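# Observations on the three-dimensional arrangement
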Amino acid sequence: MTTTADIHEPTFLAGDEFSIPTFRLLKQDGTLHEGAKAPDLEHDKALAIYRAMVATRVLDERMLAAQRQGRLSFYMQCTGEEAAVIGATAALDDADMIMAQYREQGALVYRGFTFDEFMNQLFGNELDYGKGRQMPIHYGSRKLHYMTISSPLATQIPQATGYAYGQKLAGDGQCTTVFFGEGAASEGDFHAALNMAAVHEVPVIFFCRNNGYAISTPSIEQFAADGVAPRAFGYRMHVIRVDGNDILAVYAATREARRIAVEHNKPVLIEAMSYRLAAHSSSDDPSGYRSKKEEEAWREKDPILRMQRWLIDLGWWSEEEEKALQESLRREVLETMKRAEKRPPPPLDSLVTDVYADVTPELQRQLDALKTHIRQYPEAYPKGARSLDPDVRAGDEAAKGGE
């Protein structure tokens, strides 16, 4: 049901009367804007947030290098968007569900996903939770309430609405936060999800990372309106636009959004204005669609540097601690990567053993045919041959023990 006032001549509205401001607290030099008040963020939590941001940056740098060396097939970085992802995650309850798009590894870092767990997934070895069935960066963690990433764009948005509806029915005071880019907001899934969430009043936070580009398509070519935030009015939904490189503003905005979602069962849309400093993926070359001058202008707005300056100004961090952290993280990432690379792939039988309660005759025939093929051409399938026979795996382990 809609409520309108009567008019007696055709008067059209274009939405220009809606001007959505950007919520900011922290300037790039690490000081607060005039009149701004920092959220109540205690010392230990602030440092945990910062360490997660730095760890995510180091992980991304090293794994992109590994991809360039041919050790990984694919990688995607969070570089430049760490404050948006980690600031939002830190404002949630640890039991709140997170549904990510593909650039939110920082959320897992903050919640305690180890470098070993990252590497096992990236290399698809026998300890990978997904049993090697996904391409790299498709993480998931049941224990950390982080839904496994899927490749199709925007499918997680309506799924988040459905999951949040279940949380509403359960009544345990939890919410779901779903991350996506402004490009994904052009998918039909986005509109279906927001409409359903508003109509059914579910506790979900729609978190849009507006980083300026949908792969190579700039925002100006994606939509004519003032970003994504005004769309919330069409669904009568709470909305806020925030500086996505301002960790304090993101944290404060998400914390309040969670309160609205949980206490009132109301969906909230957050548009975080940021910038993807890295390429879209390891398969992308951004020099073809944006200038170095534009990139450098945004590097000066680095969210990690902004928080670092704030912490130093408070006396909570130092250059010596920064150097020690960087060295420690780089060493740990490299050591963990070497371990993961040496682990064997998942057993070949795992392709079919948990598809159905019992392996069907057709699946068994396909598996037997695959094994025969691999045994005939083992040099063409080194990983398959390695995972096929226990004696091959045992020999590999013995060889590793003698190194």
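Residues numbered from 1 in each chain as written. Predicted model: local features only at pLDDT ≥ 70, side-chain atom pairs only at ≥ 80, totals over all residues. Heavy atoms only, no water.

Let us now look at the packing of helix α1 (residues 43-68) against helix α10 (residues 319-342). Interhelical geometry of α1 versus α10 gives an angle of 45° and a closest axis separation of 10 Å. When the axis of α1 is compared with that of α10, the two are oblique. Considering how the two elements wind past one another, α1 and α10 form a crossing that is right-handed. Judged by residue contacts, Y50, R51, V54, A55, V58, L59, E61, R62, M63 and A66 of α1 engage E322, L325, Q326, L329, R330, V333, L334 and M337 from α10. Residues of the contact of α1 with α10, tallied by class, amount to 12 nonpolar, 1 polar and 5 charged. (Axes fitted to C-alpha atoms, helices over the stretch in contact; angles between N-to-C directions. Helix = DSSP H or I, 4+ residues; strand = E, 2+ residues; numbered from the N terminus. Parallel < 35°, antiparallel > 145°, perpendicular 65-115°, else oblique. Left-handed = near helix turned anticlockwise from the far one by under 90°. Contact = heavy atoms within 4.5 Å. Nonpolar A, V, L, I, M, F, W, Y, C, P; charged D, E, K, R; others polar.)

On to the pairing of strand β9 (residues 268-273), then. Where burial is concerned, most of β9 is hidden: 5 out of the 6 residues are buried. Pairing of strand β5 (residues 204-210) with β9, which is carried by 6 bridges, proceeds in the parallel orientation. Opposite C208, over in β9, you have E271 as the bridge partner. Sheet analysis places strand β8 (residues 238-243) next to β9, joined by 6 bridges and oriented parallel. Bridging from a neighbouring strand, D243 pairs with M273 of β9. On the question of chirality, the crossover connecting β8 to the parallel β9 by way of helix α7 (residues 247-264) is right-handed. (Buried < 20%, exposed > 50% of the residue type's maximum accessible area, 1.4 Å probe, protein only. Pairing = 2+ DSSP bridges. Right-handed = clockwise from strand over helix to strand, strands pointing away.)

Before going further, it helps to examine unusual backbone geometry. Within the chain, A154 stands out as a residue other than glycine whose phi angle is a positive 80°. As for its position among the elements, A154 is in the loop between β3 (146-147) and α5 (156-170). A relative accessible area of 0% places A154 in the buried class. Positive phi values are uncommon outside glycine, yet N265 reaches one of about 50°. Here N265 shows up in the loop between α7 and β9.

As a further point, take the UniProt feature "domain: Dehydrogenase E1 component" (unreviewed entry) in the protein chain. As recorded in UniProt, the sites labelled "domain: Dehydrogenase E1 component" (unreviewed entry) are residues 50-347. End C-alpha to end C-alpha, residues 50-347 measures 39 Å, and it is 45% helix and 11% strand. (UniProt positions renumbered as here; feature names shortened; annotations may be inferred.)

Moving on to the packing of aromatic side chains. Applying the stated criterion across every chain, the model contains 11 aromatic pairs. Seen in terms of ring centroids, Y50 and W317 are 5.4 Å apart; in terms of plane orientation they differ by 65°. Their pairing is edge-to-face. With Y50 in helix α1 and W317 in the loop between α9 (303-314) and α10, this residue pair connects regions lying 267 residues apart in the sequence. For the pair Y50 and W317, one class covers both residues: buried. (Phe/Tyr/Trp six-rings, centres within 6.5 Å; stacked < 30°, edge-to-face > 60°.)

By definition, the strands of a sheet pair up through backbone hydrogen bonds, in either a parallel or an antiparallel sense. In spatial order, the strands read β1-β8-β9-β5-β4-β2-β3; together these 7 strands make up an open sheet with parallel pairing. Each of the sheet's edge strands pairs with one partner strand only, and the pair in question is β1 (22-23) and β3. Relative to β8, β1 is paired through 2 bridges, and the arrangement is parallel. Opposite T22, over in β8, you have R241 as the bridge partner. Running over the sheet, α5 touches β2 (97-99), β3, β4 (176-181) and β5 and is turned about 170° from β4. The sheet strands contacting helix α6 (residues 188-200) are β4, β5 and β9, and the helix crosses β5 at an angle near 150°.

Across all of its chains, the model carries 26 salt bridges by this definition. Its salt-bridge partner being E81, residue R209 comes within 2.7 Å of it at the nearest N-O pair. Residue R209 is found in strand β5, and its partner E81 is found in the loop between α1 and α2 (82-90); the two are separated by 128 residues along the sequence. Accessibility classification places R209 together with E81 in one group, the buried group. (Salt bridge = Lys/Arg side-chain N within 4 Å of Asp/Glu carboxyl O.)

The topology assignment puts L122 in helix α4 (residues 115-123). Separated by 16 residues in sequence, L122 and H138 have C-alpha atoms that sit 8.1 Å apart.

Looking now at the side chain of E182. When you line up the elements, E182 lands in the loop between β4 and α6. One buried charge, E182, has no salt-bridge partner; the nearest side chain with opposite charge is R209, at 6.4 Å. From its side chain, E182 meets the backbone nitrogen of N211 in a polar contact 3.2 Å long. In this structure E182 touches C208, R209, N210, N211, G212, Y213, A214, S219, Q222, F223 and V228, once residues within four positions along its chain are discounted. (Lys, Arg positive; Asp, Glu negative; His and termini not counted. Polar contact = N/O pair within 3.5 Å; in protein donor to acceptor, adjacent residues only side chain to side chain.)

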